[in-house]
Amino acid sequence: MLVSLNCLRESNVRGCEGLTNASMVSMFKSSKQLEIVDLVDCDGIEAEAVELFVLNCLRLRHICVEESKFSDVSRSWASKKIIELRQIHVEESKLSDVSRSWASKKFIELNTEQRDREREMDSILCDELLEEVLRRLPRRSTFSSSTADVSLVSKRWLRLYRSSVTDVSLSLSVDNCTPPSLSSFLSHFPHLSSLKINIIGQIRAPHDTWNFSDRLLSSVASSCPPELTHLCLQRMPVSPSLLLSLSTSCPHLTSLSITLSRPLSFHWLLSFPSLQQLDLVFVSHPTKFDIVDAASKGNNLDGELKLETLNIYGIRCSDYGLNGLWKSCKKLKKLQLLGCHGVGSFNNCLKGLQELTMIACNLVPGFFTTIGHSVRNLWKLELNCIDKLADEEFTSMLAWCNCLRELKVMGCKGLTNASVVSMFKS
C-alpha cells in the first residue's frame, strides 16, 4: 500500500505494536514528501530505525516518539530543526531529567525566536494602517468576539483597537461598578463620540441614587474626550451642577438623554450650545440642593436653545418651569410626549414644530384646540391612547392644521365616527 503514497505528508501510526524496523524503511523509501509522523507506542520500532528515518526524510518537520528511541544523532538533527522542536512529544514517564532540561532549553529558544518574528511582523504595520484595519471590523458591541480576538494578539493591538472605537454601550451593575473603575475604562477610548450607559440593579434610598449617579456622571465628564457628541445615561437622576460640569468637559454634545429629579430646573441647558436632541425622564427624588436651585432660577431661560428634537416622559400637572422651556425652543421641529399629565402653555412658542407625538397623555380639555392655533406648520401628528380626546376638540384641531400630511390615531377611545368624517373633510 505504501508504494503508491508518493504524496503522503502526514502519518499517524501511534499504538501500532506490530510495526517493525522494516516498516520504517519502507515508509521513508515510499513517502518522500512526509512532514509529520507519530510513532508513539510502536514497540516494534527501535532507535536505529527512527534515526535512519529522520535522516532520510528530508521534509520531516514534526515527529512524536519516545525519548528512549531518540539517539544522539537524531537529537542533533532536531536541534537544527528548532522551529519544529516544540512539536516533539515524549511520554512523561520516559523523560529523564537530562532530557527534560534539554527540551526546556529548546522550548525557550523557540519561544524567543517566535516572539522576534511576531515583533518584526507587528512593526511592519504602522499605527495608522493598523487602526484603519481595526476600524473596518464589524461593530456589534464593545465586547464583541472581534474585540476578544484583537485583545489576544498584543497590548498594542488592543490599544489601537480601543483608539479606533467611537461608539460604546455599557450595562453597569450598581453592586459591581465603581466610578473610578469606569473612569479608568473610558480613558482607553480617546476618540469616543457616543456613549450609552444603562444602570441595572436596584438602588434603594434616594440619597444613594443621587450619590451614585452624580459620581458616575462626574467620571464620564472627567474621562470622555471633548469630541463626545452623544451621551445617554439611563435610570440615573443627575443634579444640575454635574450637568454644568459636563458642559465644560464635553462642549460639543449634540444629543443628551438623562433623568431629572423634581422640582425641575432647565437653566443648565444654556451651557450646551451645540445640543440638538434632548431626551428627558422626570422622577421624584427631591433634595434640598435642587429645591433651592430651582427656586433661585425661576421659570424663564434667558437665552435661545438650538434644540430640534425633544422627547419628554413623565410630566405632572404640578411641574413648573416648562413654560420657560417652550419659550426657549423656538427652533424645535420634533416633540414627543409620553405619559404626561400636563405640559404648561405653549403660548405660540412652537410655531416651527413639524412633528408631534403624544402617547398615553392625560391633558386638560382644550389643549388640542390650542395646538391647532399655535402649531399651524405641523405636518406629522401621532396620537396614541389619549383617552380624554373628544370629537369636538379633535375636529377643531384638524381645522387649523392645513399642512398636515401624516396622521396616526390609535387607542383614542373618546373618538367616534364624527371624527373620521371630519378628518376626511379637512
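Residues numbered from 1 in each chain as written. Predicted model: local features only at pLDDT ≥ 70, side-chain atom pairs only at ≥ 80, totals over all residues. Heavy atoms only, no water.

On to the side chain of aspartate 391, then. Within the secondary structure layout, aspartate 391 lies in helix 14 (residues 391–400). We classify aspartate 391 as buried; its relative accessible area is 17%. Residues contacting aspartate 391, with those up to four places away along its chain left out, are Gly414, Leu415, Thr416, Ala418 and Ser419. (Helix = DSSP H or I, 4+ residues; strand = E, 2+ residues; numbered from the N terminus. Buried < 20%, exposed > 50% of the residue type's maximum accessible area, 1.4 Å probe, protein only. Contact = heavy atoms within 4.5 Å.)

Before going further, it helps to examine the confidence of the model for the protein. Considering every residue of the protein, the mean pLDDT works out to 77; 74% of them sit at 70 or more. When pLDDT is averaged over each element of the protein, strand 9 (residues 309–313) comes out on top at 96 and helix 11 (residues 288–297) at the bottom at 42. Taken as a whole, residues 106–110 scores under 50 in pLDDT and shows seven contacts with residues more than four places along the chain or in a different chain. Below a pLDDT of 50 lies the segment residues 288–298, which in the model reaches 14 contacts outside its immediate sequence neighbourhood of four places, other chains included. (pLDDT = per-residue confidence, 0-100.)

Looking now at helix 2 (residues 47–56). The set of residues buried in helix 2 consists of Ala49, Val50, Phe53 and Val54. Along the long axis of helix 2, the arc covered by the buried residues comes to 130°, so they all point the same way. (Arc of directions from axis to C-beta.)

Let's shift gears to the sheet that holds strand 3 (residues 62–64). Sheet architecture is open: three strands sit in the order 1-2-3, paired in parallel fashion. Looking at which strands have only one partner, the edges of the open sheet turn out to be strand 1 (10–12) and strand 3. With direction set aside, neighbouring strand axes in the sheet form an average angle of 0°. (Pairing = 2+ DSSP bridges. Axes fitted to C-alpha atoms, helices over the stretch in contact; angles between N-to-C directions.)

Further remarks concern the environment of serine 26. Considering the arrangement of structural elements, one finds serine 26 in helix 1 (residues 21–30). Separated by 27 residues in sequence, serine 26 and phenylalanine 53 have C-alpha atoms that sit 9.7 Å apart.

Along the chain, serine 265 turns up in the loop between strand 7 (255–261) and strand 8 (277–283). For serine 265, a relative accessible area of 10% gives the class buried. Only 2.7 Å separates the side chain of serine 265 from the side chain of histidine 267, close enough to count as a polar contact. (Polar contact = N/O pair within 3.5 Å; in protein donor to acceptor, adjacent residues only side chain to side chain.)

Looking now at unusual backbone geometry. Note the cis peptide between arginine 262 and proline 263, where omega equals -5°. When you line up the elements, proline 263 lands in the loop between strand 7 and strand 8. You will see that cysteine 385, though not glycine, has its phi angle at about 60°, which is positive. Residue position: cysteine 385 is located in the loop between strand 12 (380–384) and helix 14. Accessibility expressed as a relative area gives 37% for cysteine 385, which makes it partly exposed.

Another point: the packing of helix 14 against helix 15 (residues 417–425). Running from amino to carboxyl end, helix 14 crosses helix 15 at an angle of 10°, the nearest separation of the two axes being 9 Å. Classified by the interaxial angle, the pair formed by helix 14 and helix 15 is roughly parallel. Across from Asp391, Phe394, Thr395 and Leu398 in helix 14, the residues of helix 15 making contact are Ala418, Ser419, Ser422 and Met423. When the residues that make up the contact of helix 14 with helix 15 are grouped by side-chain class, the tally is four nonpolar, three polar and one charged. (Parallel < 35°, antiparallel > 145°, perpendicular 65-115°, else oblique. Nonpolar A, V, L, I, M, F, W, Y, C, P; charged D, E, K, R; others polar.)

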